[in-house]
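# Structural description and commentary
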Amino acid sequence: MEKFFTPRSMVVFGASVTKMNLGQIVLINNKHIGYPGELYGVGSQEGNVSGVPVYTKVADLPCVPDVAIFLTPARTVPALMEECGQKGITHVVIESGGFSEYSHGHHSLEEDVLAIARKYDMKVIGPNCVGVINFDYKMMMPFAFAKEVPSGGVLGLITQSGGVGSSYLQTFAGFGITAGKFVSIGNKLLLDEADFLEYLIQDPETRCIALYLEGFKRGRRFFDLARSCDKPIILQKSNRSKASAKIAQSHTTALSGDDAVVDGAMRQAGVIRVDDEMDLVSAVQVVGMPLMKGKRVAVLSRSGGHAVLTADACAKYGFEMTPFPPSFIEKLKTIYNTRVIAHQNPLDLGEIFDYTIFTDILEEALKLDEFDGVLFNHLYSADFEGEMSRAFLTGVKELVARYEKPVSLAMISEREEILDLQKKQPFPVFVSPLEAVEALYVSRSYYEKKTACQKRGRLEEYDLDLETVLCIRARCKKEKRIPLTDEALAICAAAGLQPVKSLPLKNENVPSRIALRYPLAAKLISRNASHKSDVGGVVVNIRSKKHLSEALAGMKSKIRNLKPSPAIDGYLIQEMAPAGVECFVGGRRDPAFGPVIVVGLGGIFIEIFKDTSIRLAPVTHSEAEAMIRELKAYPLLAGARGRDLADCQALQNVVCRISALLAACPEISEIDLNPVIVHPEGQGVSLVDARVFFQK
Ligand code: ADP
Ligand code: MG
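None of the values given here were measured: they were computed from a predicted structure. Throughout, a residue's number is its position along its own chain's written sequence, starting from 1. For naming, the first written chain is A and the first written ligand is 1, with later ones following in the order written. Restriction of local features to residues with pLDDT of at least 70 applies here, the model being predicted, together with a cutoff of 80 or more for giving and counting side-chain atom pairs; totals for whole chains, interfaces and linings are based on all residues. Side-chain numbers come from the whole structure's heavy atoms, not from hydrogens or water.

## Some thoughts on the site of ligand 1
We define proximity as follows: a residue is near a molecule or strand when any one of its heavy atoms falls within 4 Å of that partner. Near ligand 1 there are 18 residues, and of these Lys523, Lys532, Ser533, Ala577 and Glu582 occur at the shortest range. Lysine 532 places a main-chain nitrogen or oxygen 2.7 Å from an oxygen atom of ligand 1. Polar contacts, as used here, are pairs of N or O atoms within 3.5 Å; protein pairs need one atom able to donate a hydrogen and one able to accept it. Residues neighboring in sequence count only if both atoms are side-chain atoms. A distance of 2.8 Å separates a nitrogen atom of ligand 1 from a polar atom in the backbone of alanine 577. Values of accessible area rely on a 1.4 Å probe in the Shrake-Rupley scheme; residue burial ignores everything except the protein chains shown. In the complex, the protein chains occlude 87% of the 540 Å² of accessible area that ligand 1 would expose alone. Looking at the shell around ligand 1, the elements with two or more residues in it are β23 (520-525), β24 (538-542), β25 (570-575) and β29 (668-678). Under the scheme used here, helices are H or I runs from DSSP no shorter than 4 residues and strands are E runs no shorter than 2 residues, and both carry numbers assigned from the N terminus.

Structure representation (structure tokens):
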């Protein structure tokens with residue numbers, strides 16, 4: 001990988017010696033910015049571009065370049081790559097696009113590229129990308145004009161789209177942020193997001209990693225790397241609305257679309273996910289400061305109105321403006337004469353015009369153990385206070401480093417002034433109290449997620465009865481059907497859970513003695529009606545044998561009259577579970593991320609409320625606990641409005657065990673437990689219904 005970032009020599013394919021073209025631009029760019037290695041071109045005509053020799057054949061190159069860059073039409077790439085392979089070139093960047101449009105015979109061009117890469121053990125970036133930039137090394141592969149590249153950046157950037165990547169770089173420049181390394185990965189035919197994440201994680205110069213992705217190729221690998229990484233990772237992922245290609249056959253699938261899985265996985269790994277470029281910029285800036293380790297914020301404000309706005313923003317993001325301690329107030333009295341202004345948080349600095357006092361007060365606030373960070377509203381006039389404000393900013397920067405706490409600055413002034421300020425120095429400058437609070441929130445939630453990652457504990461090792469699961473699978477395969485409700489519940493039991501006591505019946509004739517206690521529930525067992533209530537296949541609160549016989553007979557005639565009429569594979573009679581909160585636990589297999597576990601508010605309205613929390617399986621107890629706490633309906637479990645506290649421990653146990661089952665048993669493609677009835681604390685849960693799908 002290092003060769004892509006610090007190549008000692010590069011050859012550009014498709015460099016014209018007569019007219020300006022993309023290949024020529026790459027050569028000229030590198031000349032301009034001072035690339036320290038050797039450059040060569042290969043094109044249809046011999047000659048030179050700005051002193052760079054251009055050959056017509058790979059074989060003529062005087063050495064074996066570290067990297068070959070392709071800017072030739074897609075269909076020419078395989079043959080040229082073959083020549084590179086013969087020459088001994090191992091690192092290839094295919095900037096050309098249009099690969100998917102071509103195919104010949106049974107092969108696509110991409111398959112040809114893959115075959116050659118395999119044959120010569122080549123590493124390939126792209127196709128359809130702009131390649132790598134190493135700012136400090138003064139090397140750039142993109143074909144957009146560039147004159148110079150700034151040094152000293154600590155941000156690593158991975159982008160799927162070259163266009164979005166370039167726009168990031170432009171925007172960063174407006175905020176004084178310099179990237180250190182950049183890679184655009186395009187179609188990810190061979191090297192993908194996980195490969196470059198791995199590289200930037202171990203790269204000593206990179207301290208923060210930002211990504212733009214449209215999808216994941218190796219989500220699980222990415223997740224594992226991100227979770228164990230200490231450097232902040234910020235992701236903008238688009239393509240949110242693309243529905244899962246598969247039609248939802250279970251609640252889990254309906255509730256855990258591809259993008260929701262990304263969200264859950266990134267949360268679990270402590271990756272900061274942002275919605276747009278400006279959020280990305282502000283996240284990059286704020287995580288460059290010490291992190292906000294709690295909710296307590298001291299607000300200092302030059303304007304009373306902005307103090308009020310800040311208070312609203314703090315409330316919105318769950319920050320607490322705890323009162324200043326008396327010692328601080330005493331200290332303030334020694335710093336400036338305070339008659340008019342009340343000493344409360346937010347502290348109004350309206351009457352002060354001496355800038356050294358601002359710094360002194362800020363320092364005192366930063367010293368206080370009562371606060372995790374400070375927000376400073378600095379309202380000023382560029383003409384009169386521009387100079388002083390810049391000096392103040394330098395002071396703030398020093399204090400932040402000294403006290404290891406963040407200071408979120410809302411600098412409120414003329415637009416040109418702020419643009420200039422943001423461009424000329426990299427310390428984060430926000431333009432409103434809300435933006436400043438949002439930044440602190442990003443910092444705090446990143447800190448919380450990362451801490452949760454570190455404290456997630458060990459995965460429990462469960463004794464899972466996989467033999468039973470595989471036995472049911474074999475039976476279903478033979479009979480060409482999905483598991484029936486009683487089998488699905490047996491699979492839950494194989495994960496060490498206890499479904500409510502049930503008895504399957506072949507037909508509607510009730511045996512004279514049944515070992516179940518009334519009241520009972522009766523439900524249809526059918527291979528093609530897995531949503532039983534929808535077809536009148538569930539009767540609850542059955543109090544006697546007579547009532548049970550009637551219920552089964554009634555169910556049978558109702559089902560028979562349906563058009564189309566579902567198969568009757570039997571009936572399941574069950575003891576009624578006591579009351580509780582109906583929750584849902586499910587899992588499925590995501591193509592990029594592997595096994596996924598979902599918990600939510602269950603029952604028949606589940607798809608209406610869509611109140612779910614998702615993680616990659618398997619999960620630890622503390623991860624399962626965080627999932628449950630994250631639900632909007634959590635107060636229902638936590639005893640809101642005089643309810644009993646629910647047995648969240650027992651629900652956690654279901655989440656952990658089902659997640660372990662999914663991880664251990666790749667044959668299961670989807671599983672739904674709905675409802676999992678959660679009883680009051682200490683009384684456990686009741687599993688009354690389940691649905692399982694096996695891999696085809
Ligand atoms: P389906 O989801 O296929 O319609 P269920 O077996 O989940 O069928 O039953 C539907 C609803 O009936 C459940 O959400 C639950 O409220 C109630 N129910 C079913 N079985 C029981 C039971 N054994 N104890 C208590 N309530 C039950
Ligand atoms: Mg159900």
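## Some remarks on the coordination of the magnesium ion (ligand 2)
The donor definition counts N, O and S atoms within 2.8 Å of each metal and applies 3.2 Å to Na, K and Ca; water is not among these atoms, so some sites may look incomplete. Here the magnesium ion (ligand 2) is held by Asn674 (O) and Asp689 (OD), and the distances to it run 2.2 to 2.3 Å. In this pair, asparagine 674 sits in strand β29 while aspartate 689 sits in the loop between β30 (685-687) and β31 (690-694), placing the two residues 15 residues apart along the sequence. Residue exposure (1.4 Å probe, protein chains only): buried if accessible area is under 20% of the type maximum, exposed if over 50%, otherwise partly exposed. We classify aspartate 689 as buried; its relative accessible area is 10%.

## A short note on the domain arrangement of the chain
Split into domains, the chain comes out as domain 1 (1-128), domain 2 (150-268), domain 3 (297-454), domain 4 (501-576) and domain 5 (581-694). Delimitation of the domains relies on an automatic or database domain assignment. Spacing between the C-alpha centres of domain 3 and domain 5 amounts to 42 Å.

## Topic: unusual backbone geometry
Of the consecutive residues lysine 563 and proline 564, the connecting peptide bond is found in the cis state with omega at -5°. Within the secondary structure, proline 564 sits in the loop between α19 (545-560) and β25. The backbone phi angle of aspartate 121 is positive, close to 55°, even though this residue is not glycine. Assignment of secondary structure puts aspartate 121 in the loop between α4 (109-120) and β9 (123-125). Aspartate 121 gets classed as exposed once you look at its relative accessible area, which sits at 65%. Of note in this structure, glutamate 404 is not a glycine but carries a positive phi near 50°. By secondary structure assignment, the location of glutamate 404 is in the loop between α14 (382-403) and β20 (407-412).

## Re the sheet that holds β24
At least two DSSP bridges between two strands are required for those strands to pair. Taken in spatial order, the four strands make up an open sheet running β22-β25-β23-β24, and their pairing is antiparallel. Of all strands in the sheet, those with a lone pairing partner are β22 (502-505) and β24, marking the two edges. When strand polarity is set aside, the average angle formed by the axes of neighbouring strands in this sheet is 20°. For this analysis, residues touch if any pair of their heavy atoms sits within 4.5 Å. With axes taken as lines fitted to C-alpha atoms, and helix axes fitted only over the stretch in contact, angles between N-to-C directions fall between 0 and 180 degrees. Set on the sheet, helix α18 (residues 485-494) makes contact with β22, β23 and β25; between it and β25 the angle comes to about 45°.

## Considerations on the nonpolar core
Note on terminology: a nonpolar core comprises buried Ala, Val, Leu, Ile, Met, Phe, Trp, Tyr and Cys residues joined through side-chain atoms within 4.5 Å. One finds Leu300 and Ile361 to be the most contacted residues of the largest nonpolar core, which totals 79 residues. If one sorts the elements of this core by residue count, helix α13 (residues 355-367) sits on top with seven residues. Here this core spans two domains, since at least three of its residues come from each of domain 2 (150-268) and domain 3 (297-454). Once you skip the residues sitting within four places of it in the chain, leucine 300 turns out to touch Phe324, Leu347, Leu349, Ile361, Leu362, Ala365, Val374, Leu375, Phe376 and Asn377. Counting 56 residues, the second largest nonpolar core, distinct from the first, contains Leu39, Met139, Ala592 and Phe593.

## Structural notes on the environment of threonine 56
Along the chain, threonine 56 turns up in the loop between β4 (52-55) and β5 (67-70). Remark: the alpha-carbon pair of threonine 56 and glutamate 46, spanning ten residues in sequence, is separated by 5.8 Å.

## Comments concerning the packing of α14 against helix α15 (residues 415-424)
At their nearest, the axes of α14 and α15 sit 12 Å apart, and the two run at 25° to each other. When the interaxial angle is binned, α14 and α15 end up roughly parallel. Of the two possible hands of crossing, α14 and α15 adopt the one that is right-handed. On the side of α14, the interface is formed by Ala382, Gly386, Arg390 and Leu393, while α15 contributes Glu417, Asp420 and Leu421. Polarity classes work like this: nonpolar for Ala, Val, Leu, Ile, Met, Phe, Trp, Tyr, Cys and Pro, charged for Asp, Glu, Lys and Arg, and polar for all others, with Gly in that last group. Partitioning the contact of α14 with α15 into residue classes produces three nonpolar, one polar and three charged. Roughly parallel refers to an angle under 35 degrees, roughly antiparallel to one over 145, roughly perpendicular to one between 65 and 115, and oblique to any angle outside these ranges. Two helices cross in a left-handed way if the nearer one is turned anticlockwise from the farther one by less than a right angle. They cross in a right-handed way if the turn is clockwise.

## Observations concerning the layout of surface pockets
For cavity detection a 1 Å grid was placed over the protein atoms alone, and a set of points counts as a cavity when a 1.4 Å probe fits there but cannot get out; an open set counts as a pocket when protein lies on both sides within 12 Å along at least five of seven lines, with lining residues being those that have an atom within 4 Å of a point. Grid points are joined across faces, edges and corners, and a volume is the space filled by probe spheres set on the points. By volume, the largest pocket is sized at about 1,400 Å³. A total of twelve residues in the lining of the largest pocket trace back to one element, the largest contributor, which is helix α16 (residues 433-454). Grouping the amino acids of the lining of the largest pocket by side-chain chemistry returns 20 nonpolar, six polar and 20 charged.

## Some words on the packing of aromatic side chains
Under the pairing criterion, centres of Phe, Tyr and Trp rings, with the six-membered ring standing for Trp, must be within 6.5 Å; the plane angle then separates stacked pairs below 30 degrees from edge-to-face pairs above 60, leaving the rest tilted. Applying the stated criterion across every chain, the model contains 17 aromatic pairs. Summarising the aromatic geometry, the rings of tyrosine 355 and phenylalanine 358 are spaced 5.1 Å apart at their centres and angled 65° between planes, so their arrangement reads as edge-to-face. Of the two residues, tyrosine 355 and phenylalanine 358 both sit in helix α13, three residues apart, roughly one turn of that helix. The same class applies to tyrosine 355 and to phenylalanine 358, which are both buried. Each residue in the set Tyr355, Phe358, Phe376 and Phe392 is aromatic and connected to the rest through ring pairs, giving one cluster. For the cation-ring pair, arginine 444 lies above phenylalanine 319, with the distance from its terminal atom to the ring centre recorded as 4.6 Å. Only lysine NZ and arginine CZ atoms are considered, and such an atom sits over a ring when it is within 6 Å of the ring centre and within 35 degrees of the ring normal.

## Examining the pairing of β23
Where burial is concerned, most of β23 is hidden: six out of the six residues are buried. In this structure, β23 lies alongside β24, joined through three bridges in antiparallel fashion. Bridge assignment links lysine 523 to a residue of β24, and that residue is valine 538. In this structure, β23 lies alongside β25, joined through six bridges in antiparallel fashion.

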